[in-house]
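Coordinate analysis (summary)
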Amino acid sequence: MVKDDSMYDSRLLGEIMALRKGKRPASIVDVAKIAGVSHQTVSRVLNNPSSVRETTLQSVRDAIRITGYQRNENARMLRSSKPDTIGILVPSSSKTGPIQVLWSLERAASINNYSIKVAMQENSMKESSVRAINKLLSFDVAAIIVVAEQSWQEPMVRTISDLPIISAGGSFTNLPDVSYVDMDQRQGVSLLMSHLVDQGCRSIDFVNGPEGWYSTVKRFEGWSTFRHDGQAVAGHLYQGDWSAQSGYQAGISIARNLPDGVIAANDEMAYGVIRAFRDRGIRVPDDVKVCGYDDLPVDSFVTPSLTSIQQGFDEMAALSLDVAIKKIKDPDMDPVRRGIAPKLCIRESSTSLGHR
């Protein structure tokens, strides 16, 4: 039996009316919600309807008719070809991590004879994301790798596209069908905490990044949950924005109640902390030990050289691309969840033993 509007509850009917008024384009997620199925099932109806039961097929077709959903033609054509192009969705950011991941993805794609197309996701506004994702779809991409900074990115992509999504850098996306490859950032901060404890620190402050970032959440967890002999050693929390300036401001505050050690959630903020200490006559590492995170190339050449966590951007890019290729070949493959072990790089800022 074909459904009409009266057969839907008031909540779904409200969403249907909003779609009809053109407030936003219907997505595959809208179709799945109204049909009462997963968006993977909608994809099977679109790509291989003979594999779906008749009752499910009819429900999805009703939902498509009611919502006015129109599938991107380029995406449809991909299913009958052998695509060799992968879309990369990058944030509008000049931060080290996203840039390094993008460069590494381009190298990995070249090695594997895949082409990549890049679009910038400027902010969390729907219009900006729709433009960026549609740009990728216009290039006939077969999968989308999201260079993830913040947790809104992958859900935004899923509302527009039913292609395989791989999150490079987002390790706790709540979308069950999205694969991810990420550094174990919580473990990275735990390594720094263990190192500082080994250096005699029993009170360790933390300068965190801005809210809403994957790395902010995970690095905070590594600091706040760490225990030494069953005792917490986490001191005071300070908020930064990844910039050296915000690290400097945090350093001014920290200097008023000096702990044994300080971890900044990235290297730039650590530079700011160290400069604030120097301006107030506080010696690093003699008076307080400082660590950063990211292992920038300059870390070995600043004074004092900076203890940090090295992230395997090349490995993350290669694994993300590998997952994307496998998902293209087998769209029904279960999501892949991979964590990459961080590496502790000990330098002068956290040990009296000097550079090693």
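These numbers come from a predicted model, not from an experiment.

**So, the state of the cysteines**
- Applying the stated rule across the entire model yields zero disulfides.
- Left without a disulfide partner, Cys 291 is nearest to the cysteine sulfur of Cys 201, which lies 7.9 Å away.
- Classification of Cys 291 by relative accessible area gives buried; the value is 0%.

**Thoughts on the nonpolar core**
- The biggest cluster of nonpolar side chains holds 34 residues, and the ones touching the most others in it are Met 193, Ile 204, Val 207, Val 262, Ile 263, Phe 277 and Val 290.
- Contacts of Ile 204, omitting those with residues within four sequence positions, involve Met 193, Leu 196, Val 197, Trp 223, Val 233, Ala 234, Gly 235, His 236, Gly 261, Val 262 and Ile 263.
- Ranked by size, the runner-up nonpolar core spans 27 residues in total, among them Val 101, Ala 109, Val 147 and Val 323.

**Some remarks on the sheet that holds strand β4 (residues 165–168)**
- Read across the sheet, six strands follow the order β2-β1-β3-β4-β5-β13 without closing on themselves; strand pairing throughout is parallel. Edge positions in the open sheet fall to β2 (115–121) and β13 (337–340), since each of these has one partner strand only. Each neighbouring strand pair of the sheet contributes to a mean axis angle of 20 degrees, computed without reference to strand direction.
- Direction of pairing for strand β3 (residues 144–147) relative to β4: parallel, over a ladder of four bridges.

**Observations regarding the sheet that holds strand β10 (residues 261–264)**
- Strand order in the open sheet formed by four strands is β9-β6-β10-β11, and the pairing between neighbours is parallel. In this open sheet, the two edge strands, each paired with only one partner strand, are β9 (234–239) and β11 (289–291). Here the average twist between neighbouring strands, direction ignored, is 20 degrees.
- Here four bridges tie strand β6 (residues 204–208) to β9, and the two strands are oriented parallel to one another. Paired with Val 207 across the strands is Tyr 238, a residue of β9.
- Contacting β6, β9, β10 and β11, helix α9 (residues 185–198) runs over the sheet at an angle of about 165 degrees to β10.
- Relative to β11, helix α12 (residues 267–279) is tilted by about 160 degrees, and along the sheet it contacts β6, β10 and β11.

Definitions and limits used
Residues numbered from 1 in each chain as written. Predicted model: local features only at pLDDT ≥ 70, side-chain atom pairs only at ≥ 80, totals over all residues. Heavy atoms only, no water. Disulfide = S-S within 2.5 Å. Buried < 20%, exposed > 50% of the residue type's maximum accessible area, 1.4 Å probe, protein only. Core = buried A, V, L, I, M, F, W, Y, C linked by side-chain atoms within 4.5 Å. Contact = heavy atoms within 4.5 Å. Pairing = 2+ DSSP bridges. Helix = DSSP H or I, 4+ residues; strand = E, 2+ residues; numbered from the N terminus. Axes fitted to C-alpha atoms, helices over the stretch in contact; angles between N-to-C directions.

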